[in-house]
Amino acid sequence: MQTSGLRLSLRRIFIVPTALGWLWAAVGGLLYVVGVNTSSNVPLILGFLMLALQLLAIFLTAQTLHGLQLNWSTQLEGWAGEQLPLMLQLTVPKGMRYLGLQLGPKGRRWEGICVAGMQQIPVPWQGESRGLNKLPRLRIDSQAPLGLWVCWVRLQLATEALLYPAPVVAAVVEVPWPQAIGTQQPKQSAEPHDFHSLQPHRPEEGPQRLAWKQLARGHGELSKRFEAPTAKAVLLSLQPGIEKEKGLSAIAARIKQLASNGDSYGLLIDHVEIPPANGSEHRRICLRRLALLP
């Protein structure tokens, strides 16, 4: 997986007073005016101290972002309409930093204390439409340590998110795979086999196979017979007359279900055919094709 990164410097950082900072400056200025008009040293000293502390807070706040090393993946994949975390690798050179991170104005905000060293931070983002989506700007900000100033930086990440159609259960056309007819194999599964029939009980089968209900009804000793379910290979196609986006969402939901059961499936959509198979890589190939369909 490709990654990209950068190191934050003071040239990238913006800083302005917070609401508390403006109030702090107003009170400090008022004390200075009172001290001058009343020729009193106490208000003058307090006013100078407050203004000096506010000036010192500029440098302290800017230092919370200065020197941070950021690395992130340039490719993301997930479902449309669901939270997709951007795993941000953040390296703090020294000390502790209280940071806030957010992708875009509508993104879910992450806040927390980052200690010295390297750490992984999941920054959530949610896309609404399938296909390739460019991630919005990443905002990193902080008001530490006094809350008098807020500094921030906005980064346009060179990252694209491939979003699969949002899975919605609906009707899907399942075309039997011709090559699979007559060659179906038992599906490997940890689930119990399906009940098939009753046959006379043999002593070597043990009591666990006995059909106790039939024995209680006086039908004699009978054993239950089971057979393994067969995996039917199918090609998934759009339901006729359905809106295309709804149809793709229905196919995505069916792929999700078939993949969890270990079944074989493929695609037959708009002259695009993917032969049936199973496994996580085949699931990814099919979902990517759904996402990139025009």
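This report concerns the structure included in the present document. (Residues numbered from 1 in each chain as written. Predicted model: local features only at pLDDT ≥ 70, side-chain atom pairs only at ≥ 80, totals over all residues. Heavy atoms only, no water.)

**A look at the pairing of strand S10 (residues 138-142)**
- Across the five residues of S10, four count as buried, placing the element largely inside the fold.
- Bridge count for strand S6 (residues 97-103) against S10 is four bridges, and the pairing is antiparallel. By the bridge assignment, leucine 101 is partnered in S10 with isoleucine 140.
- Two elements, S10 and strand S11 (residues 149-155), share five bridges in a ladder whose sense is antiparallel. Bridge pairing in S11 links aspartate 141 to tryptophan 152.
- Hairpin connection between S10 and S11: a loop of six residues separates the two successive antiparallel strands, and glycine 147 in this loop has a positive phi of roughly 75°. (Buried < 20%, exposed > 50% of the residue type's maximum accessible area, 1.4 Å probe, protein only. Helix = DSSP H or I, 4+ residues; strand = E, 2+ residues; numbered from the N terminus. Pairing = 2+ DSSP bridges.)

**Describing the nonpolar core**
- If you look at the biggest cluster of nonpolar residues, it comprises 30 residues, and the most contacted ones within it are Leu8, Leu65, Leu70, Leu90, Leu138, Ile140 and Leu155.
- Per-element tally for this core: the top contributor is strand S5 (residues 83-92), with five residues.
- In this structure, Val172, Leu248, Ile274 and Ala291 belong to the second largest nonpolar core, which totals 22 residues. (Core = buried A, V, L, I, M, F, W, Y, C linked by side-chain atoms within 4.5 Å.)

**Here's the deal with unusual backbone geometry**
- Following alanine 144, the chain continues into proline 145 via a peptide bond in cis, with omega recorded as 0°.
- With respect to the secondary-structure elements, proline 145 resides in the loop between S10 and S11.
- At serine 39, a residue that is not glycine, the phi angle is positive and equals roughly 50°.
- The residue serine 39 is located in the loop between helix H1 (19-38) and helix H2 (41-62) in this model.
- Although it is not a glycine, histidine 271 adopts a positive phi angle of roughly 65°.
- Examined against the element boundaries, histidine 271 turns out to sit in the loop between strand S17 (265-269) and strand S18 (272-277).
- When its relative accessible area of 87% is taken as the criterion, histidine 271 is described as exposed.

**Remarks on H1**
- Between the first and last C-alpha of H1 there are 29 Å, a value that for 20 residues agrees with the 28 Å anticipated at 1.5 Å per step.
- Along H1, the residues classified as buried are Gly21, Gly28 and Gly35. Mapping the buried residues of H1 onto a view down its axis gives an arc of 55°, with all of them on the same face. Exposed residues on H1 whose side chains face more than 90 degrees from its buried face are Ala19, Trp22, Leu23, Leu30 and Asn37. (Expected span 1.5 Å × (residues − 1). Arc of directions from axis to C-beta.)

**Section: the side chain of histidine 282**
- Structurally, histidine 282 is set in helix H5 (residues 280-292).
- At 2.7 Å, the side chain of histidine 282 forms a polar contact with the backbone oxygen of tyrosine 265.
- Residue contacts for histidine 282: discarding those within four places in its chain leaves Tyr265, Gly266, Ile274, Pro275, Pro276 and Ala277. (Polar contact = N/O pair within 3.5 Å; in protein donor to acceptor, adjacent residues only side chain to side chain. Contact = heavy atoms within 4.5 Å.)

**A short note on the environment of tyrosine 265**
- Within the secondary structure, tyrosine 265 is located in strand S17.
- A relative accessible area of 0% places tyrosine 265 in the buried class.
- C-alpha of tyrosine 265 to C-alpha of alanine 233: the two residues are 32 residues apart in sequence and 5.3 Å apart in space.
- The contacts of tyrosine 265, once residues within four sequence positions are left out, are Val234, Ile255, Leu258, Ala259, Pro275, Pro276, Ala277, Gly279, His282, Arg283 and Cys286.

**Focus on the pattern of salt bridges**
- Using the criterion set out here, one finds nine salt bridges in the structure.
- Glutamate 77 is paired through a salt bridge with arginine 284; the nearest N and O atoms lie 2.9 Å apart. Remark: arginine 284 occurs in helix H5 and glutamate 77 occurs in strand S4 (residues 75-79); sequence separation between them is 207 residues.
- The class for arginine 284 is partly exposed, based on a relative accessible area of 34%.
- Between aspartate 270 and lysine 244 there is a salt bridge; the shortest N-O distance is 3.0 Å. (Salt bridge = Lys/Arg side-chain N within 4 Å of Asp/Glu carboxyl O.)

Scope: geometric values only; no functional claims are made or implied.
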